[in-house]
Amino acid sequence: MSVKTIYPKKGLKGEVRVPGDKSISHRSVMFGSIASGTTEITNFLQGADCLSTIRCFQKMGIEIEQKPDAVLVRGRGLYGLSAPEGTLDVGNSGTTTRLLSGILSGQDFTSVLSGDASLNSRPMGRVMSPLNSMGARIESVRNDGCAPLRIEPGVLHGIDYRSPVASAQVKSAVLLAGLYADGNTSVTEPVLSRNHTELMLGGFGAEVSSGVLKDGSAVAGIRPCKQLYGQKIRVPGDISSAAYFIAAGLVVPGSEILIRNVGTNPTRAGILKVCEAMGADLTYLDRNTADCQAKQETGGEPTADILVRSGSLHGTVIEGSIIPTLIDEIPIIAVMAACAEGTTVIRDAAELKVKETNRIDTVTENLKAMGCSVTPTEDGMVIEGGKTLAGARIRSYLDHRIAMAFAVAGMAAEGETVIEDSQCVDVSYPDFFATLESLS
Ligand code: S3P
């Protein structure tokens, strides 16, 4: 087991350029592989999850070249994938599994997707059910609703799917299958989840529509497609990775950190609103929100540089339609809440239970280990802030976001903190600890 010791810190200073966005990196390889022509990806996230996606497509005959400054995907068209030899290993990656299920449903060969123990215990019924109702033939090999998944060739029909969860992975799987269907497909979700698939597939030439209805539900539609076209994608920095430095800048006294090129797509940027609601001092520099050149190059994704200065935070309530826009940031938001004055309530976040770990449990256990008073609930948690955290031994349970969130907590704590299984940060941010140390 790898362990990392974190020491209390004061006055973090410097500049951080976070790695490329994980969701966008996955999609750029997937869409590039089923497009015609070459897709050139810069600032691709070289994290284990995205490398799993690359390896899966290489195993299906796609040539993917890793150059020092770009990833080149030589797409072979919508029907250009070839039958893989053996199982497709998706590692720890839910995005690879669910989005790939949508693409594989439309292929004329059989495939099997399987990952690590965490991945193989996460619910896949949420994609199997709509995809099978389109005519896909996906079964859970152990018949437990989880991977390994076996996908046999099927004939796909368009559907109007009403998803019970706001999940970009479910939405994307159905839309991708819709490319191969014989009619139009739509997905309605209770509130809008991240919309990278809609934006990027549109850029690759698919006919995609999207909108938010009066009741707050969101609809995305797609028409069957004959061809996608290779693109140049500049992946913006991952706001989910930036979140640890935003939090570190806020909770470690005397800090000032500039975070460059952060993706600020509103369907992802809920943490920024929460920081503001907690009284944080954030300044946005070099913001690309309009239809400017930079925005075009990042595939329709806005970006900004964010300057963070430490200061006192207060508790807040986080609930409703903001939840999908910050779901991956809840572990680090919980750490910020523990360092803030007063109570923070997080509700409507039952999805936390089916992430890489049950994050209601893993956040609660580790915050308690650091002396914070926190009460888990069915769909979130209640955190009493204001008490200085005490250094502790943190169990990451191999969940990258737990390891990184509690490394930040350790810097704001008194005494040493030890993060167990710290190498799991490689899933989304291999240089995380080096970057954190560079600010001291
Ligand atoms: C992701 C969607 C979210 C998120 C995950 C990445 C994506 O999952 O938690 O880390 O890239 O589409 P859900 O779709 O399960 O909400």
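For the structure, see preceding data.
Cut-off values and rules
Residues numbered from 1 in each chain as written. Predicted model: local features only at pLDDT ≥ 70, side-chain atom pairs only at ≥ 80, totals over all residues. Heavy atoms only, no water. Near = heavy atom within 4 Å. Polar contact = N/O pair within 3.5 Å; in protein donor to acceptor, adjacent residues only side chain to side chain. Areas by Shrake-Rupley, 256 points an atom, 1.4 Å probe, with all protein chains shown as cover. Nonpolar A, V, L, I, M, F, W, Y, C, P; charged D, E, K, R; others polar. Helix = DSSP H or I, 4+ residues; strand = E, 2+ residues; numbered from the N terminus. Core = buried A, V, L, I, M, F, W, Y, C linked by side-chain atoms within 4.5 Å. Buried < 20%, exposed > 50% of the residue type's maximum accessible area, 1.4 Å probe, protein only. Contact = heavy atoms within 4.5 Å. Phe/Tyr/Trp six-rings, centres within 6.5 Å; stacked < 30°, edge-to-face > 60°.

## What to know about the site of the ligand
Logical step 1: The environment of the ligand is made up of Ser-23, Arg-27, Thr-95, Arg-98, Ser-167, Ala-168, Gln-169, Arg-194, Ile-327, Asp-328 and Lys-355.
Logical step 2: Interatomic distance of 2.7 Å between a side-chain N/O atom of Ser-23 and an oxygen atom of the ligand.
Logical step 3: In this structure, Thr-95 approaches the ligand through a side-chain N or O atom, which is 3.5 Å from an oxygen atom.
Logical step 4: Surface burial for the ligand is 94%, taken as the share of its 380 Å² of free accessible area covered by protein chains.
Logical step 5: Residues of the shell around the ligand, tallied by class, amount to two nonpolar, four polar and five charged.

## A few points about unusual backbone geometry
Logical step 1: Following Ala-147, the chain continues into Pro-148 via a peptide bond in cis, with omega recorded as 0°.
Logical step 2: We note that Asn-43 has phi near 60°; this positive angle belongs to a residue other than glycine.
Logical step 3: Looking at the secondary structure, you find Asn-43 in the loop between β3 (36-42) and α2 (48-59).

## Structural notes on the nonpolar core
Logical step 1: Core analysis: the biggest nonpolar cluster contains 76 residues, and Ile-246, Leu-250, Ile-383, Phe-406 and Phe-432 have the highest contact counts within it.
Logical step 2: For Ile-246, the residues in contact, after removing those within four places along its chain, are Ile-259, Leu-272, Cys-275, Leu-282, Ile-306 and Val-308.
Logical step 3: By size, the runner-up hydrophobic cluster in this structure holds 63 residues, among which are Met-124, Ile-138, Leu-179 and Phe-204.

## Considering helix α6 (residues 196-203)
Logical step 1: Within the sequence span of α6, burial applies to His-196, Thr-197, Glu-198, Met-200 and Leu-201.
Logical step 2: Tucked inside the fold, the buried residues of α6 contact α1 (22-33), α5 (168-178), β12 (208-212), β13 (218-222) and β14 (232-234).
Logical step 3: Count one or two residues on from α6 and you reach Gly-205, which has phi positive near 105°.

## Let's talk about the packing of aromatic side chains
Logical step 1: Under the criterion given, the structure shown has seven aromatic pairs.
Logical step 2: When the centroid spacing of 5.3 Å and the interplanar angle of 90° are considered together, the rings of Tyr-79 and Tyr-180 count as edge-to-face. In this pair, Tyr-79 sits in the loop between β5 (71-76) and β6 (88-91) while Tyr-180 sits in the loop between α5 and β11 (185-189), placing the two residues 101 residues apart along the sequence.
Logical step 3: The buried category is assigned to Tyr-180, whose relative accessible area is 8%.
Logical step 4: Geometrically, the ring pair formed by Phe-432 and Phe-433 is edge-to-face, given 5.1 Å between the ring centres and 70° between the ring planes.

Keep in mind these values describe shape, not function.
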